[in-house]
Amino acid sequence: MNQQKIDRINELARKSRTVGLTDDEKIEQIQLRNEYRQSVTGNLAAQLENTYIVTPDGKKRKVSNNGGKS
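No experiment lies behind these values; they were computed from the predicted model shown.

J.: Account for the side chain of Gln29, with residues named and values stated.
T.: Looking at the secondary structure, you find Gln29 in helix α2 (residues 23-49). Ignoring any residue separated from it by four or fewer positions in sequence, one finds Gln29 in contact with Leu12, Ala13, Ser16 and Leu21.

J.: Which residues make up the packing of helix α1 (residues 3-18) against α2, and what values do they have?
T.: Direction vectors running N to C along α1 and α2 enclose 135°, while the axes themselves pass 10 Å from each other. By the angle between their axes, α1 is oblique relative to α2. Where α1 crosses over α2, the handedness of that crossing is left-handed. Across the interface between the two elements, Lys5, Ile6, Arg8, Ile9, Leu12, Ala13, Lys15 and Ser16 from α1 touch Glu25, Glu28, Gln29, Leu32, Arg33, Glu35 and Tyr36 from α2. A per-class count over the contact of α1 with α2 returns six nonpolar, two polar and seven charged.

J.: Lay out the pattern of salt bridges in plain terms, naming residues and giving numbers.
T.: The final tally for this structure, using the stated rule, is five salt bridges. Its salt-bridge partner being Glu28, residue Arg8 comes within 2.9 Å of it at the nearest N-O pair. Within this pair, whereas Arg8 is found in helix α1, its partner Glu28 is found in helix α2, the two being separated by 20 residues in sequence. You can call Arg8 partly exposed: its relative accessible area is 22%.

J.: Just give me the short version of a nonpolar patch on the surface, but keep the residues and values in it.
T.: A cluster of nonpolar side chains, Met1, Tyr36 and Val40, forms an exposed patch at the surface whose accessible area comes to about 250 Å². Examined against the element boundaries, Met1 turns out to sit in the segment before α1. When its relative accessible area of 33% is taken as the criterion, Met1 is described as partly exposed.

J.: Please set out α1 residue by residue, giving values where relevant.
T.: For α1, spanning 16 residues, the distance from its first C-alpha to its last is 23 Å, which sits close to the expected 22 Å at 1.5 Å a residue. Regarding α1, the residues found buried are Ile9, Leu12 and Ala13. Projected down its long axis, α1 carries its buried residues within an arc of 100°, all on one side. Turned more than 90 degrees off the buried face of α1, the exposed positions are Gln4 and Thr18. Structurally, the start of α1 carries an N-cap: the backbone nitrogen of Gln4 is 3.2 Å from a side-chain oxygen of Asn2. Looking one or two residues beyond α1, the residue adopting positive phi is Gly20, at roughly 95°.

Reading the values: rules and limits
Residues numbered from 1 in each chain as written. Predicted model: local features only at pLDDT ≥ 70, side-chain atom pairs only at ≥ 80, totals over all residues. Heavy atoms only, no water. Helix = DSSP H or I, 4+ residues; strand = E, 2+ residues; numbered from the N terminus. Contact = heavy atoms within 4.5 Å. Axes fitted to C-alpha atoms, helices over the stretch in contact; angles between N-to-C directions. Parallel < 35°, antiparallel > 145°, perpendicular 65-115°, else oblique. Left-handed = near helix turned anticlockwise from the far one by under 90°. Nonpolar A, V, L, I, M, F, W, Y, C, P; charged D, E, K, R; others polar. Salt bridge = Lys/Arg side-chain N within 4 Å of Asp/Glu carboxyl O. Buried < 20%, exposed > 50% of the residue type's maximum accessible area, 1.4 Å probe, protein only. Patch = residues over 30% accessible without salt bridge, like charges linked within 9 Å, V, L, I, M, F, W, Y side chains within 5 Å. Areas by Shrake-Rupley, 256 points an atom, 1.4 Å probe, with all protein chains shown as cover. Expected span 1.5 Å × (residues − 1). Arc of directions from axis to C-beta. Polar contact = N/O pair within 3.5 Å; in protein donor to acceptor, adjacent residues only side chain to side chain.

Okay, here's the thing in structure tokens:
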């Protein structure tokens, strides 16, 4: 997500707190927030793909995405 879209999210958030949003702006805000969430979760997943845990005995174990289950 580029900085221009993040700035727009912040602009809409400020406007919603002060004067309110039009219906079109509310829809735009929802779409931008969803795009931002997808970007953040995608970046986190990519980062976790390259993350390893080193045990005290020196072995590396890849972090897996198993929904929080052990």
